[in-house]
Structure formats: C-alpha cells, structure tokens
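As a plain string of letters, each chain reads:
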Amino acid sequence: MATQPSDLDGVTESCPECTRDTTHKVRVELRTESSKQENSQFSREPYRVATCMDCGNETTQRMNNA
Ligand SMILES: [Zn+2]
C-alpha cells in the first residue's frame, strides 16, 4: 500500500491506551451540545479529536473552554 507523507496530519501525543507517545491524526469537529434542545444551532462547539494511529483510540478535547 502506498503511503504518503503525512507529517502535516500526524502529531505525537501520549495515548492512554498505548501508555506511550504515538502518532495521532487530529481533526476538528463541531459538535452540538445536546443537553438543551433550544438554541442548539448556537451551541455547537469545536472539539479537537485526536485518533491514535496505533490503536485507534480517540481523545476528544473541547477547544473552547470558556
Ligand atoms: Zn494508542
């Protein structure tokens, strides 16, 4: 399988599953906070999702911590 250089996508972070530093693929998702149905359009928060390339574990982190 041909592999492309993915330095832009991969970041090295510690994985709780692997219990060591592994390469993670990072993406940003807008997720609706589903606790309130009203104004759900205005409560979408960006989340940073890092997926471990070794075990596939996802670490989700809320970006706006206000
Ligand atoms: Zn892992």
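Everything that follows concerns the structure shown earlier in this document.
For every chain, the first residue of the written sequence is number 1, and numbering continues from 1 along that sequence. Note on the predicted model: pLDDT of at least 70 is required for a residue's local features to be given, and 80 or more for side-chain atom pairs to be given and counted; whole-chain, interface and lining totals, by contrast, use all residues. Values reported for side chains reflect all heavy atoms of the structure, with hydrogen atoms and water molecules removed beforehand.

Undergrad: Which residues make up the coordination of the zinc ion, and what values do they have?
TA: Coordination here is defined by N, O and S atoms within 2.8 Å of the metal (3.2 Å for Na, K and Ca), and since water is not considered, a site can look incomplete. In the first shell of the zinc ion, the protein supplies Cys15 (SG), Cys18 (SG), Cys52 (SG) and Cys55 (SG), at 2.3 to 2.4 Å from the metal. In primary sequence terms, the donor set of the zinc ion follows C-x2-C-x33-C-x2-C. With a gap of 37 residues between them, Cys15 in strand β1 (residues 10–15) and Cys52 in strand β3 (residues 44–52) connect regions that are remote in the sequence. Accessibility assignment for this pair places Cys15 and Cys52 in one class, buried. Runs of H or I in DSSP of at least four residues are treated as helices and runs of E of at least two as strands, each being numbered from the N terminus. Exposure categories follow from relative accessible area, calculated using a 1.4 Å probe and restricted to protein chains: below 20% of the type maximum is buried, above 50% is exposed, and the middle band is partly exposed.

Undergrad: Before we move on, can you summarise unusual backbone geometry with the specific residues and values?
TA: In this structure, Thr19 takes a positive phi of about 50 degrees despite not being glycine. Looking at the element boundaries, Thr19 is found in the loop between β1 and β2 (20–32).

Undergrad: Help me get a handle on the side chain of Glu45, residues and values and all.
TA: In this fold, Glu45 is placed in strand β3. Here Arg62 takes part through its side chain, which lies 3.4 Å from a polar atom of the side chain of Glu45. Beyond its immediate sequence surroundings of up to four residues, Glu45 is in contact with Glu29, Leu30, Arg31, Glu33, Arg62 and Asn64. What qualifies as a polar contact is a pair of N or O atoms within 3.5 Å, subject to a donor-acceptor requirement within protein and to the restriction that residues adjacent in sequence count only when both atoms come from side chains. Residues are treated as being in contact if the distance between any of their heavy atoms lies within 4.5 Å.

Undergrad: Describe the sheet that holds β2, with residues and values.
TA: In short, DSSP must find at least two bridges between two strands for them to pair. As summarised here, the arrangement of the four strands in space is β1-β2-β3-β4, forming an open sheet in which the pairing is antiparallel. Each edge of the sheet is formed by a strand with only one pairing partner; in this case those strands are β1 and β4 (58–62). Neighbour-to-neighbour, the strand axes of this sheet turn through a mean angle of 45 degrees, independent of strand direction. Where β3 lies against β4, five bridges are found, and the strand directions are antiparallel. Among the inter-strand pairings, Arg48 is bridged to a residue of β4, identified as Gln61. Comment: axis = line fitted to C-alpha atoms, over the contacting stretch for helices; angle = value between 0 and 180 degrees taken between N-to-C directions.

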